[in-house]
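Structure at a glance
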Amino acid sequence: MDDQPNPLSLPPEAPPRRRADRPDIQVPPSPSRFPDLDEEEHRAPPPGRPPPRRRGLLRYLILLLVVLALILWLVFRSGPQAPQTGRFQSGGPMPVGTATVAKGDMPVTLSGLGTVTPLAMVTVKTQINGQLVEVAFKEGQMVNKGDFLAQIDPRPYQVALQQAEAQLAKDQAALKNAQVDLQRYKTLVAQNSIARQTLDTQAATVQQQTAVVQADQAQIDTQKLNLTYCRIVAPVTGRVGLRQVDPGNYVQTSDANGIVVITQLQPISVIFTLPEDKLPAVARRVRQGATLNATAFDRSGTVKLDTGRLETIDNQIDTTTGTVKLRAFFDNADQALYPNQFVNIQLLVDTLKGADLVPNAAVQRGAPGTFVYVVKPDETVAAQPVTLGSGDDQRIVVTKGLEPGQIVVVDGADRLKDGAKVRVTRSAAPAAAQPQSQGEDGTAAPSPAPAAAQPGAPANPPQRPEGQRRRRGAE
């Protein structure tokens, strides 16, 4: 091994040579040719090692074999795939939820926004001027008509009454004297002792005194009325509001706020509006003598407040809004309605008996108009155009296009088309059999629509997600 030359070592330096023509001049030896270290073809490969080009081909061959092995591994690992049947997949039957068309009664209701308006709201004011000496009510209490509320100092009016009574006594005495003189003059005129003119003058004096006595009596009545006004009583039955003035203040008839406000709460009314297009149906029922029930809900439309009846319809339509005002009366037994409260009114106009009902979710809208997907016995669906009638938040009446007993799709219809294959995963109760909360008068109230199973049908087992089913099939 030591005898082998090092390819990187320099060759031995050649001795200088002399020129043939001039032996005294030495010429430096010519540089030896060094192999290019960057060119592998000038280097001899060590023994037992393949050439560089063969090594590159070998690396490419190994890489190609690795890629082919990876592709084959992926192909054989995937294996036969289970059929894709999920709702959002393109192949296989589509899972859908269904409901049955059934006969039932559909209440025809009209909804409107209303404001609670009391039948009587009175601002209690003083009718005379004086000092407020007593307040007999508590804020927020219920009072009946005629209950004592407040007292104004009556002493000035009692003194004025006594003066009027004294003046009446004086004028009554003068009237009696004039009447006695009139009787004497009549006797003297009959005896032709005095002139007729004296009798007539005395008769006029009696009439004047009579008028003075009447005026005094009126003054007495006025003072007695003032004493009555000093005792303030409730003019209506209702609830007392906040006190506007405290005892000790001098109250006057010109005070704008008054003493207190009393609002009648039982019964109470609600003024609500309906579009003018809905007025003919309501007016027709009112002319027929029907009592239309009205149900009041809170602003969200979920909490039922009270049930009443339609009382009257306004005599004109508002031209700015195109609506008409209606007033409904409510007993308000639990005082759930407060004045100036905004409520939603549902007016029951009529009830359709034996109508074909389907859930609102079954109705689709597209190029053909309104239609539903009907499930056929071969588990395919057909787009069936329908004509709709009245409805509510849960159900709607189908006047044309369906028959009772047909099965319609209520869930998963967004991925269907005419003739698509389906698989029923959940069946809702018939539309007419869905529970619906009602008021005391039968008025339908908004309620959630639970997806209950059909009576007598076995409960469906919980469905495993599509991804789990595919993985299980692959295993």
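Look up a bit, the structure's there.
This next bit is on the sheet that holds strand β6 (residues 130–135). Taken in spatial order, the four strands make up an open sheet running β9-β8-β6-β11, and their pairing is antiparallel. Pairing within the sheet leaves two strands with one partner each, and these edge strands are β9 (231–233) and β11 (250–251). Where β6 lies against β11, two bridges are found, and the strand directions are antiparallel. Counterpart to glycine 130 in the pairing with β11 is valine 251.

This paragraph deals with the environment of glycine 146. With respect to the helices and strands, the residue glycine 146 is situated in the loop between β7 (142–143) and β8 (148–152). The class of glycine 146 is partly exposed, set by a relative accessible area of 45%. With 90 residues separating them along the chain, glycine 146 and valine 236 place their C-alpha atoms 7.5 Å apart. Contact partners of glycine 146, with chain neighbours within four places excluded, come to Val233 and Ala234.

This part is about the sheet that holds strand β10 (residues 238–240). Read from one edge of the open sheet, four strands run β5-β12-β10-β7, paired in antiparallel fashion. With partners counted over all chains shown, the strands left at the sheet margins are β5 (121–124) and β7, one partner each. Pairing of β10 with strand β12 (residues 260–263) involves two bridges; the strand directions are antiparallel. If you follow valine 240 over to β12, its bridge partner there is isoleucine 262.

One finds Phe272, Val282, Phe330, Leu337, Ile345 and Leu347 to be the most contacted residues of the largest nonpolar core, which totals 23 residues. Elements with a contribution of two residues or more to this core: β4 (102–118), β13 (268–275), α4 (279–287), β14 (293–297), β15 (304–318), β16 (323–330) and β17 (342–359). Setting aside anything within four residues of it in sequence, one finds phenylalanine 272 in contact with Leu113, Gly114, Leu310, Val324, Lys325, Leu326, Ala328, Ile345 and Leu347. Counting residues in hydrophobic clusters, the runner-up holds 20 residues, among them Ala120, Val143, Ile232 and Val251.

Cut-off values and rules
- Residues numbered from 1 in each chain as written.
- Predicted model: local features only at pLDDT ≥ 70, side-chain atom pairs only at ≥ 80, totals over all residues.
- Heavy atoms only, no water.
- Pairing = 2+ DSSP bridges.
- Helix = DSSP H or I, 4+ residues; strand = E, 2+ residues; numbered from the N terminus.
- Buried < 20%, exposed > 50% of the residue type's maximum accessible area, 1.4 Å probe, protein only.
- Contact = heavy atoms within 4.5 Å.
- Core = buried A, V, L, I, M, F, W, Y, C linked by side-chain atoms within 4.5 Å.

These figures capture arrangement, not role.
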